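Take a look at the letters that make up each chain.
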2 protein chains.
Amino acid sequence: MNNYDVIVIGGSAAGIPAAITARRHYPDKSIMLIRKEGKVPIPCGIPYIFGTVGSTDKNLIPDAVFSNNDIELLIDEVQSIERKAKSVVTAGGERISYDKLVLSTGAEPLQLPIKGIDKENVFYAKKDVSYLDDLLHKLDNVRNVVVIGGGFIGVEFADELNKRGPNVTIIEMLPRCLMLAFDEDLCIEAEEKLKSRGINIVTNNRVEEILGNEIVTGVRLADGKELMADIVFVGVGVIPNIALAEKADLEVNHGGIVVDSNMKTTDDNIFACGDCVDKKSFFTGKQSGLRLASIATTEARIVGANLFEQRRKSQGVTGVFSTAIGDLVLATAGLTNKQAQDNGFNVTYGEAEAPDRHPGGMPGMSKMKVSLIFNKGTGELIGGQVRGGTCAGELINTISACINNRMTADDIAMFQIGTHPAVTASPIAYQLVNAAEMALTKQ
Amino acid sequence: MNNYDVIVIGGSAAGIPAAITARRHYPDKSIMLIRKEGKVPIPCGIPYIFGTVGSTDKNLIPDAVFSNNDIELLIDEVQSIERKAKSVVTAGGERISYDKLVLSTGAEPLQLPIKGIDKENVFYAKKDVSYLDDLLHKLDNVRNVVVIGGGFIGVEFADELNKRGPNVTIIEMLPRCLMLAFDEDLCIEAEEKLKSRGINIVTNNRVEEILGNEIVTGVRLADGKELMADIVFVGVGVIPNIALAEKADLEVNHGGIVVDSNMKTTDDNIFACGDCVDKKSFFTGKQSGLRLASIATTEARIVGANLFEQRRKSQGVTGVFSTAIGDLVLATAGLTNKQAQDNGFNVTYGEAEAPDRHPGGMPGMSKMKVSLIFNKGTGELIGGQVRGGTCAGELINTISACINNRMTADDIAMFQIGTHPAVTASPIAYQLVNAAEMALTKQ
């Protein structure tokens, strides 16, 4: 029987950094990663296969990461964990023992319980290359696509599918697209941008039935209206893959595998990270539904470092991400204003907008807007949103650093920033600092 | 006699945010800003007047900032401060009394004590519109320009002047350009980029004499070599404008006006901020020679808030800035590796490079490199550098937030970042996090 110091199950945004981090911190340990897929798509890049990038082959996580980090790769499916024997048994008939085991089994797209959902040409954002290739090929002869769900997966798919020519309609049950990530002003801007790019948006509505015989021909909405559709894409969330953990009698709940702040499961030798894991909010300590590749990698870096020595603790998830619609970038960190209020926080709010170059005539200028949400009780930053050009994607990480360090508006207003005419706002107009000042002084 | 609650002297990167911050925090106070210039150029934008932007008029700080913030603007020169009477006397014959006074008198370009420095067509980065217009007009008929100083001012001027056609040569006395801001690998990349754009670089050398009769015709270097020059641009640093403070018998030293951590001078009713102020390093507590518009604005925000209530304290200067040479952006925060070692820090160092898109085939990709320098004793981040595309200018501010919060490599490795295919590296490859991991584990 083969034997490894560390076995990682799963080879995407959690499994890979868990294995790499284990390698970095424990250079003498033997590490195997077992995944069932021959090729693994870059998860966040999946929407871009269909427009910008153009093929699944150009959106793969390169396997060089394994040889470069002295990690053994086994392509096989783990069918059970024998906790007493500390070994795993695979579909290929292997029994391999471990000292420490990492579960990063991910999540599957959520299926909607609606009539006709099983028809041919209903697609999801599955991390499966041949499945995605099938969707890619089918798009060549398609006139109408309906996207169910106006969250960031739905919005990104809609924008990319639209580039291939079909008529695309988003159906969102909330009053606005992207409402779980952004406050209403930015949701409106996103919707306007999508519409200007030819995408139809139907909000406050839901798909009640997928129409057609075996193959999709359309959808019927809650208000009775019918839309033609050759393809329906469903992007309404994910459910954690917990079957293996459940079978091994590890504690799980509907949010995923239960872990402590060291990312350890109820078995001392088994850790878990990524979409398969139950999460707690950094702000409230309550269960969080956030599932992001960036959260998976953060958790994986805690797991990888903690395997043989207690080194890191999870602080809970803050939720930091960006999305792009053409040249419009929207980014968010922590709680929205609405979420903060729904969770009982008394908040103060400030926003500032300025050109992201100075003078504004410098090339490539976008108007960048930052809004910040502070907990009035503690004074601490609990949320921030950015709307602007490309660099909104890095600016949100500055905001995330401020949140993680529980900075107050005064801290942020005094925080030393660097600026340059060709790449940022002026130091006088710098949006992050001015949004903090506005939160302090506008009342 | 006129009377204001607050008088601010100086209308650039320190004076303006000092007045705005005072307005925000003290809405009922009367505020006057006195400056001697009719028009004020955006200081960091001055090099770009000569190439990218093309005119001084397109690089002005808009005076709307005063009316928008209910700040009285007086264009006049303060000649003396009567501390007992709490009033200022101007060249225009005004005597205006204050409750609180803010000195933001800035700095002047340093003149080199070399033979011939007073000849016509020796220029500096003066914040003076008609002076800059004069340089702009003269550039139309120029074949050779020598830039003395390969710091960021010299490099930016060289790159912009080069766009107007003349043959441009930088003379730097250190072994590399930009050596006070970056470690050698990035200095080499900067020099290679400058050379590829047609700029000549002479290092380890200095100008000993400016040649010509009344008008510059060339320079003679320390090694005896002579270079032709129709214009010489000198960018070798600044000296603080302290004459007014000195005359008023406030404590000053060769670094500038002496202030406490509240940014208060030796007079309880007089504050000072910006280039005119003596500075201390965030890292060592020792005097710092850093002079940046972004530091000026940070200090101004401390002054503005502290005028009538002790609210903020200066932590000393970290030094955060970016520069751009075409599509190459270099950014730095805190100490370089060399500076850290020169200051007696025992350091660990980590770096990581990755495409700033994922997959790398996404449009607009640059290779972004982050290096981080940690104090081995405390584990805290004390410096970081970024080389990459446009968004290096925001990423350096995330690094600055990490420095300001004294984050360790473990803190940064667990820090929740947001990523997106169109705007950042992948979460697995995210450079900041991986540089922290490398610093922890490569030893």
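Quick caveat: nothing in here was measured; it's all calculated off a predicted structure.

On to the pattern of salt bridges. Summed over the entire model, instances satisfying the criterion amount to 60 salt bridges over all chains. Measuring nitrogen to oxygen at the nearest pair gives 2.9 Å for the salt bridge that ties A:D267 to A:R83. Of this pair, A:D267 sits in the loop between β18 (256–257) and β19 (270–272) while A:R83 sits in the loop between β4 (78–82) and β5 (87–90), and the two are 184 residues apart along the sequence. With relative accessibility at 10%, the residue A:D267 sits in the buried group. One salt bridge in this structure joins B:D140 and B:R164, with 3.7 Å as the shortest N-O distance. Note that B:D140 is positioned in the loop between α3 (129–138) and β9 (144–148) and B:R164 in the loop between α4 (152–162) and β10 (167–171), a separation of 24 residues in sequence. Judged by its relative accessible area of 52%, B:D140 is exposed. A relative accessible area of 33% means that B:R164 is categorised as partly exposed.

All names here are of chain A. Bridge count between strand β12 (residues 207–212) and strand β13 (residues 216–221): 5 bridges; the pairing is antiparallel. Counterpart to V207 in the pairing with β13 is L221. Taking the residues between adjacent antiparallel strands as the criterion, β12 and β13 are bridged by 3 residues.

So, on to the interface of chain A and chain B. Taken residue by residue, the interface counts 78 residues in chain A and 78 residues in chain B. Across the interface of chain A and chain B, roughly 6400 Å² is buried in total on both sides, 61% from carbon and sulfur atoms. On the chain A side of the contact with chain B, A:R24, A:E394 and A:Q416 bury the most area, a combined 13% of that side's loss. Taken together, the links from chain A to chain B amount to 6 salt bridges. A salt bridge links A:R311 to B:D410; its shortest N-O distance comes to 2.8 Å. Put simply, chain A and chain B have 35 residue pairs in polar contact (both at pLDDT 80 or more) between them.

A word on the domain arrangement of chain A. All names here are of chain A. When its domains are assigned, chain A resolves into domain 1 (2–107 + 239–306), domain 2 (111–236) and domain 3 (320–441). Distance between the C-alpha centres of domain 1 and domain 3: 33 Å. At the interface, 7 residues of domain 1 touch 11 residues of domain 3. Overall, the association of domain 1 and domain 3 removes approximately 720 Å² of surface from exposure, summing both partners, and the carbon and sulfur fraction of that is 65%. Area buried by domain 1 at its contact with domain 3 is led by F282, F283 and L292, which between them contribute 69% of it.

Scanning the model with the defined rule gives 1 disulfide over all chains in all. One disulfide bridge connects A:C391 with B:C391, the sulfur atoms lying 2.4 Å from each other. Residues A:C391 and B:C391 are joined through a disulfide that is left-handed, its torsion about the S-S bond being -90°. Of this pair, A:C391 sits in the loop between β26 (381–388) and α9 (392–404) while B:C391 sits in the loop between β26 (381–388) and α9 (392–404), which puts the two residues in different chains. Taken individually, A:C391 and B:C391 each receive the classification buried, so the pair is uniform in this respect. With no disulfide of its own, A:C177 lies 8.0 Å from the sulfur of A:C187, the closest cysteine sulfur. A relative accessible area of 0% means that A:C177 is categorised as buried.

Basis of the calculations
Residues numbered from 1 in each chain as written. Chains lettered and ligands numbered in written order. Predicted model: local features only at pLDDT ≥ 70, side-chain atom pairs only at ≥ 80, totals over all residues. Heavy atoms only, no water. Salt bridge = Lys/Arg side-chain N within 4 Å of Asp/Glu carboxyl O. Helix = DSSP H or I, 4+ residues; strand = E, 2+ residues; numbered from the N terminus. Buried < 20%, exposed > 50% of the residue type's maximum accessible area, 1.4 Å probe, protein only. Pairing = 2+ DSSP bridges. Contact = heavy atoms within 4.5 Å. Buried area = accessible area lost by both parts, 1.4 Å probe. Polar contact = N/O pair within 3.5 Å; in protein donor to acceptor, adjacent residues only side chain to side chain. Domains from an automatic or database assignment. Disulfide = S-S within 2.5 Å.

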